[in-house]
Amino acid sequence: MKTKTLHRRNIDTLTAPVRRLWLARAPQERRLLVVAIGVVVVGLVVWLLAVGSQASTALRGSLPALRMQAVTFEQQAAELEILRSVPAPTRPDAPLLPLIQETIASAALSGMLSTIEPLGPEQVVVVFGAIEFSTWLAWIAVLEQQNVRVEQVRVETLATSAVPGLVSVAATLGRVGAP
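Just so we're clear, the structure is a prediction, and the values are computed from it rather than from any experiment.

Engineer: Go over the nonpolar core with me, naming the residues and quoting the values.
Structural biologist: A general tendency of soluble globular proteins is for nonpolar side chains to be buried together. Ranked by size, the top nonpolar core spans 18 residues in total, and within it Ile100, Val126, Phe128, Trp136, Trp139 and Leu173 carry the most contacts. For this core, the elements supplying multiple residues, two or more each, are α3 (96–106), β2 (123–132), α4 (133–145) and β4 (166–175). For Ile100, the residues in contact, after removing those within four places along its chain, are Ile116, Val124, Val126, Trp139, Leu143, Val148 and Leu173.

Shown next as structure tokens:
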């Protein structure tokens, strides 16, 4: 209770000069002050709204660029995931078949693979019955990083498929620099 009384006294001490000044004014002068304060408050509100509108317009202008940047980041994240799935480079004298099998497994393409046959230590034939063309290209890019090239390929679109971009692929893969 004492604290409340002390607090009230402190407030009264601070507001007493203002109250005395207010009461010393004539009624017309008080009305004029109220109107002036109202005009200042309205002016501040209008100014704040104008500044907010300008900031909103500036942000709206930068939004398309930020959206494009977000799309680029998403694409880079997808590329990063592909690169992370790439197995470590193998020795050039290691057999090609295990490397191909490893990249198929790490890219989660085993379910799409129809056959895989070695033609020797430096060549492998792979056949995918149904694979998205973009997935095929991404896998080939991974193989190229492992010094594996496409020596021969046959790609056929699967027109009867409900999924656009689905193809059948038969390819002979070999090492870069192999005869």
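That was the structure; now back to the text.
Engineer: Let's hear about the pattern of salt bridges: which residues, and what values?
Structural biologist: For the coordinates displayed, the defined rule picks out 4 salt bridges. In this structure, Glu122 engages Arg175 in a salt bridge whose closest nitrogen and oxygen atoms are separated by 3.5 Å. Placement of the pair is Glu122 in the loop between β1 (113–120) and β2 and Arg175 in strand β4, with a sequence separation of 53 residues. A relative accessible area of 5% places Arg175 in the buried class.

Engineer: Tell me about the packing of α3 against α4, residues and numbers included.
Structural biologist: Between α3 and α4, the least distance of the axes is 11 Å, while the angle of their chain directions is 135 degrees. For the element pair α3 / α4, the angle class is oblique. Our pair here, α3 against α4, has a crossing hand that is right-handed. Along its contact with α3, which presents Ile100, Thr103 and Ile104, the element α4 presents Trp139, Val142 and Leu143.

Engineer: Give me the pairing of β1: which residues, what numbers.
Structural biologist: Note on strand geometry: in a regular strand, side chains alternate between the two faces of the sheet. Across 6 bridges, the pairing between β1 and β2 is antiparallel. Among the inter-strand pairings, Pro118 is bridged to a residue of β2, identified as Val124. What sits between β1 and β2 in their antiparallel hairpin is a turn of 2 residues.

Engineer: So what's going on with α4? Which residues, and what values?
Structural biologist: Counted at 1.5 Å a residue, the expected span for α4 with its 13 residues is 18 Å, and the 19 Å between its end C-alpha atoms agrees. Listing the buried residues of α4 in full gives Trp136, Trp139, Ile140, Val142 and Leu143. Within α4, the buried residues cover an arc of 155 degrees as seen down the axis, which keeps them to one side. When the buried face of α4 is taken as reference, the exposed residues oriented beyond 90 degrees from it are Ser134 and Glu144. The inward-facing, buried residues of α4 contact α2 (27–85), α3, β2, β3 (148–157) and β4. Residue Asn147 follows α4 closely and has a positive phi angle near 65 degrees.

Engineer: I'd love a proper account of the sheet that holds β3, names of residues and values included.
Structural biologist: In spatial order, the strands read β1-β2-β4-β3; together these 4 strands make up an open sheet with antiparallel pairing. At either end of the open sheet lies a strand with only one pairing partner, and these are β1 and β3. Each adjacent strand pair in this sheet contributes to an overall mean axis angle of 15 degrees, direction not counted. Two strands pair when backbone bridges link them, and β3 and β4 are joined in this way by 9 bridges, in the antiparallel orientation. When the sheet's bridge partners are listed, Thr157 is paired in β4 with Val167. Together, β1, β2, β3 and β4 form the strand contacts of α3, whose direction differs from that of β2 by roughly 20 degrees. Packing against the sheet, α4 makes contact with β2, β3 and β4, and its axis sits at approximately 150 degrees to β2.

Engineer: Any details on the environment of Leu143? Residues and values, ideally.
Structural biologist: Here Leu143 lies in helix α4. Classification of Leu143 by relative accessible area gives buried; the value is 1%. It is 9.7 Å that separates the C-alpha atoms of Leu143 and Ile104, two residues lying 39 residues apart in sequence. With near-sequence residues (within four places) excluded, Leu143 lies in contact with Ile100, Thr103, Val148 and Leu173.

Engineer: Got a sec to walk through the packing of aromatic side chains? Specific residues and values, please.
Structural biologist: Across all of its chains, the model carries 3 aromatic pairs by this definition. On the basis of an interplanar angle of 70 degrees and a centroid distance of 5.9 Å, the ring pair of Phe128 and Trp136 is categorised as edge-to-face. Centre to centre, the rings of Phe128 and Trp139 are 5.4 Å apart; their planes meet at 75 degrees, and the pair counts as edge-to-face. Here Phe128 is found in strand β2, whereas its partner Trp139 is found in helix α4, with 11 residues between them in sequence. With respect to class, Phe128 is no different from Trp139; both count as buried. Taken together, the ring pairs connect Phe128, Trp136 and Trp139 into an aromatic cluster.

The rules behind each value
Residues numbered from 1 in each chain as written. Predicted model: local features only at pLDDT ≥ 70, side-chain atom pairs only at ≥ 80, totals over all residues. Heavy atoms only, no water. Core = buried A, V, L, I, M, F, W, Y, C linked by side-chain atoms within 4.5 Å. Buried < 20%, exposed > 50% of the residue type's maximum accessible area, 1.4 Å probe, protein only. Helix = DSSP H or I, 4+ residues; strand = E, 2+ residues; numbered from the N terminus. Contact = heavy atoms within 4.5 Å. Salt bridge = Lys/Arg side-chain N within 4 Å of Asp/Glu carboxyl O. Axes fitted to C-alpha atoms, helices over the stretch in contact; angles between N-to-C directions. Parallel < 35°, antiparallel > 145°, perpendicular 65-115°, else oblique. Left-handed = near helix turned anticlockwise from the far one by under 90°. Pairing = 2+ DSSP bridges. Expected span 1.5 Å × (residues − 1). Arc of directions from axis to C-beta. Phe/Tyr/Trp six-rings, centres within 6.5 Å; stacked < 30°, edge-to-face > 60°.

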